[in-house]
Amino acid sequence: MQLRISRMDAINNKSVTEAALRKAKDKLEKLKFALVKVDDEDFGICIQCKKEIPLGRILIMPQARTCVNCSH
Ligand SMILES: [Zn+2]
């Protein structure tokens, strides 16, 4: 029984780890995208209002082309 619980724990931990890994990979892809785009002269500039997009937003979603206000 003890072994069974440990095994379940291991399986749970594995799925948690895999989910975290997927998230990390997803983030990495976004950051790679940002790295390519950072050379564009309009990178970080909202395509709607031409204002700067806050860095925090870019880090969360580098593919964003608009600021928070214009995305609504
Ligand atoms: Zn805007």
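Predicted, not measured: the structure shown is a model, and the values here were computed from it.

A. Spotlight on the overall build of the protein chain. For the protein chain, the helix and strand inventory stands at 3 helices and 0 strands. Starting at the N terminus and ending at the C terminus, the protein chain contains elements arranged as α-α-α. In terms of overall dimensions, the protein chain is more spread out than a globule: its C-alpha atoms have a radius of gyration of 19 Å, far above the 11 Å expected for 72 residues. Its C-alpha atoms give the protein chain principal-axis dimensions of about 65 × 25 × 15 Å. Out of the 72 residues in the protein chain, the part that is buried amounts to 15%. If you take every contact in the protein chain between residues at least 6 apart in sequence, the share linking residues at least 24 apart comes to 24%. Summing over all exposed atoms, the protein chain offers an accessible surface of approximately 6,100 Å²; the carbon and sulfur share of this is 60%.

B. Main features of the coordination of the zinc ion. Here the zinc ion is held by the protein donor atoms Cys46 (SG), Cys49 (SG), Cys67 (SG) and Cys70 (SG), which lie 2.3 Å from it. Metal-centred angles of 104 to 118 degrees between the 4 donor atoms at the zinc ion mark the site as tetrahedral. By relative accessible area, Cys49 is classed as partly exposed at 30%. Exposure remark for Cys67: the relative accessible area of 8% places this residue in the buried category.

C. Region of interest: the pattern of salt bridges. Applying the stated rule across the entire model yields 4 salt bridges. Close ionic contact of Lys30 with Asp26 constitutes a salt bridge, the shortest N to O distance being 3.8 Å. Here Lys30 pairs with Asp26, and both are found in helix α1 (residues 2–37), just 4 residues apart, close to one helical turn. Relative accessible area serves as the criterion here: at 42%, Asp26 is assigned to the partly exposed category. The salt bridge partner of Glu29 is Lys32, with a shortest N-O separation of 3.7 Å. Of this pair, Glu29 and Lys32 are both found in helix α1, 3 residues apart, which corresponds to roughly one turn of the helix. By relative accessible area, which is 47% here, Glu29 ends up partly exposed. Residue class for Lys32 comes out partly exposed when judged on its relative accessible area of 46%.

Each value, and the rule that gives it
- Residues numbered from 1 in each chain as written.
- Predicted model: local features only at pLDDT ≥ 70, side-chain atom pairs only at ≥ 80, totals over all residues.
- Heavy atoms only, no water.
- Helix = DSSP H or I, 4+ residues; strand = E, 2+ residues; numbered from the N terminus.
- Rg over C-alpha atoms; globule rule 2.2 N^0.38 Å.
- Buried < 20%, exposed > 50% of the residue type's maximum accessible area, 1.4 Å probe, protein only.
- Contact = heavy atoms within 4.5 Å.
- Areas by Shrake-Rupley, 256 points an atom, 1.4 Å probe, with all protein chains shown as cover.
- Donors = N, O, S within 2.8 Å, 3.2 Å for Na, K, Ca; no water.
- Tetrahedral: all angles 85-135°; square planar, octahedral: opposite > 155°, others 65-115°.
- Salt bridge = Lys/Arg side-chain N within 4 Å of Asp/Glu carboxyl O.

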